[in-house]
Amino acid sequence: QVQLVESGGGLVQTGGSLRLSCAASGRTFSTYVMGWFRQVPGKEREFVGAISRSGGTTFYADSVKGRFTISRDNAKSTVYLQMNSLKPDDTAVYYCAARQSFVLVKLPSDYNNWGQGTQVTVSS
């Protein structure tokens, strides 16, 4: 399975921005659809967004649409989550996930590769 490592989390004030990165191992990164999820204690893991293998198609949860942007650089085997206009409700541990697939997927059970997560805290 591919190894995934998230980075870029931290503490930010309401209205601020953060850019998360997820670096993947291997030469077959372009065969994976990639997803971003988030989770707070006591709640189920929540879908944030996903991006197709080529990066040409993205899909977002309504809660982040218009504020978050997913992109990928297959040459660097990295997927990004740009988060703007952050709100306290965005506070969570953010995870990237990968699945070899020809179609976009958005359920946690559809992914079989997960990073360790990175904490995002939005204050005020």
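Caption draft 1: Highlighting the side chain of Arg72. If you trace the backbone, Arg72 turns up in strand S7 (residues 68-73). Among buried Asp, Glu, Lys and Arg side chains, Arg72 stands out as unpaired, with Asp73 the closest opposite charge at 8.4 Å. A polar contact is formed between the side chain of Arg72 and the backbone oxygen of Phe29, at a distance of 3.0 Å. Looking at Arg72, its side chain comes within polar contact range of the main-chain oxygen of Tyr32, at 2.9 Å. Setting aside chain neighbours within four positions, we find Arg72 in contact with Phe29, Ser30, Tyr32, Val33, Met34, Ile51, Ser52, Arg53, Ser54, Gly55, Thr78 and Val79.

Caption draft 2: Region of interest: the packing of aromatic side chains. Counted by the stated rule, this structure contains five aromatic pairs. Measuring from ring centre to ring centre gives 5.4 Å for Phe37 and Tyr111, while their planes differ by 80 degrees; the resulting arrangement is edge-to-face. Here the residue Phe37 occupies a position in strand S4 (residues 32-39), and Tyr111 occupies one in the loop between strand S9 (92-100) and strand S10 (113-114), the gap between them amounting to 74 residues. The burial state of Phe37 is the same as that of Tyr111; both residues are buried. Aromatic side chains Phe37 and Trp114 sit 5.1 Å apart centroid to centroid with 55 degrees between the ring planes, which places their arrangement in the tilted category. Within this pair, whereas Phe37 is found in strand S4, its partner Trp114 is found in strand S10, the two being separated by 77 residues in sequence. On the basis of relative accessible area, Phe37 is assigned to the buried category, the value being 0%. For Trp114, a relative accessible area of 28% translates into the label partly exposed. Aromatic rings pair up to connect Phe37, Phe47, Phe59, Tyr111 and Trp114 into one cluster.

Caption draft 3: Region of interest: the sheet that holds strand S8 (residues 78-83). Pairing is antiparallel across the open sheet formed by four strands, whose spatial order is S1-S3-S8-S7. Each end of this open sheet is capped by a strand with a single partner; those strands are strand S1 (4-7) and S7. Across this sheet, the average inter-strand angle for adjacent strands is 15 degrees, counted without regard to direction. Bridge count between strand S3 (residues 18-24) and S8: six bridges; the pairing is antiparallel. Looking at the pairing, Arg19 lines up with Gln82 of S8.

Conventions adopted
- Each chain has its residues counted from 1, running along the sequence as written.
- Local features in a predicted model are, by the rule used here, given only for residues with pLDDT of at least 70; side-chain atom pairs are given and counted only at 80 or more, and totals for whole chains, interfaces and linings are based on all residues.
- Side-chain numbers come from the whole structure's heavy atoms, not from hydrogens or water.
- Helix and strand assignments follow DSSP, with helices taken as H or I runs no shorter than four residues and strands as E runs no shorter than two, numbered in order from the N terminus.
- Burial classification: accessible surface area is computed with a 1.4 Å probe over protein chains only, and a residue below 20% of its type maximum counts as buried, one above 50% as exposed, and the rest as partly exposed.
- Only four residue types enter the charge count: Lys and Arg as positive, Asp and Glu as negative, with His and the chain ends excluded.
- The rule for a salt bridge is simple: a side-chain nitrogen of Lys or Arg has to be within 4 Å of a carboxyl oxygen of Asp or Glu.
- Within 3.5 Å is the distance limit for a polar contact, defined as a pair of N or O atoms, with the added protein rule that one can donate a hydrogen and the other accept it, and that residues adjacent in sequence qualify only through two side-chain atoms.
- Should any heavy atoms of two residues lie within 4.5 Å, those residues are considered in contact.
- Ring pairs shown here join Phe, Tyr and Trp side chains whose ring centres sit within 6.5 Å, with only the six-membered ring taken for Trp; geometry is labelled stacked below 30 degrees between planes, edge-to-face above 60, and tilted in between.
- Between any two strands, pairing holds if DSSP finds at least two bridges.
- Comment: axis = line fitted to C-alpha atoms, over the contacting stretch for helices; angle = value between 0 and 180 degrees taken between N-to-C directions.

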